[in-house]
Amino acid sequence: MIKKTVSNVQEALAGVKDGMTFMLGGFGLCGIPENAIAELVKLGIKDITCISNNAGVDDFGLGLLLQQHQIKKMISSYVGENDEFERQMLSGELEVELTPQGTLAEKCRAAQAGFPAFYTPAGYGTEVAEGKETREFDGKMYVLEPAYKADFSFVKAWKGDEAGNLIFKGTARNFNPCMCGAAKITVAEVEELVPAGSLDPNEIHIPGIFVQRIFQGAHYEKRIEQRTVRAIN
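Bear in mind that the values here come from a model prediction, so they are computed numbers and not experimental data. (Residues numbered from 1 in each chain as written. Predicted model: local features only at pLDDT ≥ 70, side-chain atom pairs only at ≥ 80, totals over all residues. Heavy atoms only, no water.)

Engineer: Tell me about helix 4 (residues 83–91), residues and numbers included.
Structural biologist: All buried positions along helix 4 are accounted for by Glu84, Phe85 and Gln88. On an axial view of helix 4, the arc spanned by its buried residues comes to 105°, and they lie on one face. Facing away from the buried side of helix 4 by over 90 degrees, the exposed positions are Asp83 and Leu90. The elements touched by buried residues of helix 4 are helix 3 (63–67), strand 3 (71–76) and strand 4 (95–98). Sitting at the head of helix 4, Asn82 places a side-chain oxygen 3.1 Å from the backbone nitrogen of Glu84. After helix 4 finishes, the residue Gly92 shows a positive phi value of roughly 85°. (Buried < 20%, exposed > 50% of the residue type's maximum accessible area, 1.4 Å probe, protein only. Helix = DSSP H or I, 4+ residues; strand = E, 2+ residues; numbered from the N terminus. Arc of directions from axis to C-beta. Contact = heavy atoms within 4.5 Å. Polar contact = N/O pair within 3.5 Å; in protein donor to acceptor, adjacent residues only side chain to side chain.)

Engineer: Outline helix 5 (residues 101–113), listing residues and values.
Structural biologist: One turn of the α-helix equals 3.6 residues, which is why residues spaced by three or four share an orientation. Over its 13 residues, helix 5 extends 19 Å from the first C-alpha to the last, a length consistent with the 18 Å expected when each residue adds 1.5 Å. For helix 5, the full list of buried residues reads Thr103, Leu104, Ala105, Lys107, Cys108, Ala110 and Ala111. Where helix 5 is buried, its residues meet strand 1 (21–24), strand 3, strand 5 (117–120), strand 7 (140–146) and helix 6 (176–179). Gly114 sits one or two residues past helix 5 and shows a positive phi near 85°. (Expected span 1.5 Å × (residues − 1).)

Engineer: Explain the packing of aromatic side chains residue by residue, including any values.
Structural biologist: Per the stated rule, a full pass over the model turns up six aromatic pairs. With a centroid separation of 5.4 Å and an interplanar angle of 85°, the aromatic rings of Phe137 and Tyr142 are classed as edge-to-face. Phe137 gets classed as partly exposed once you look at its relative accessible area, which sits at 30%. Between the NZ or CZ atom of Lys107 and the centre of the ring of Tyr148, over which it lies, the distance is 4.7 Å. One Lys or Arg, Lys156, reaches over the ring of Tyr220 and ends 4.6 Å from the middle of that ring. (Phe/Tyr/Trp six-rings, centres within 6.5 Å; stacked < 30°, edge-to-face > 60°. Lys NZ or Arg CZ within 6 Å of the ring centre and 35° of its normal.)

Engineer: Could you give me a rundown of the sheet that holds strand 5, with the residues and numbers involved?
Structural biologist: A sheet is described by the order of its strands in space; here three strands give the open sequence 5-7-6, paired in antiparallel fashion. The two strands at the open ends of the sheet, each matched to only one other strand, are strand 5 and strand 6 (134–137). Between one strand axis and the next, the sheet turns through 35° on average, direction left out of account. Across four bridges, the pairing between strand 5 and strand 7 is antiparallel. Along strand 7, the bridge assignment pairs Thr120 with Val143. Packed onto the sheet, helix 5 meets strand 5 and strand 7 and runs at close to 150° relative to strand 5. (Pairing = 2+ DSSP bridges. Axes fitted to C-alpha atoms, helices over the stretch in contact; angles between N-to-C directions.)

Here you go:
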């Protein structure tokens, strides 16, 4: 059995450098790799490209990296909750590539599966398709989208074992699974790290073959992005 465990987040992020491209799991503020992001902030890594469904909020998630101007380019689907992101984009400080959500997920899955590209109808006839190859299939036009290329994938799971097998809980099972194995190195942080063989094979969402490093995370905030309440009569 090959152990994928590392002792801490510092060891997990060994090898990260300025100018690299990172995938970061999560949807809204759910299931984001909080420990990895905090360590990237601490390391002061600069000029990075981040592939993530969204850009967090001003003081949490990728917003922490944006505060320090560490991100050169954001590749995202939804960015409407981050005022600092908007300011940097409109001022020209931040390069932004907006991608349809399904296309973003599929570009991760293509990288995970080893496919160089795929055709999708999403975005045809819009700015999304500018400069890209298009082709007709059965009377419908499609856009050729290349798979992502990333140096590291940072994901967060509920539970994992020493071999790198992962289980995601609830809606944290979002962009995390398709980013596993989609970069040169996948780093998984987990709420609970258990010995190999402890997990029910039928409950594993991502096998350890897609993970190179795994560590026990800590101090998860688990914020609620939008809280709506009403008075009880």
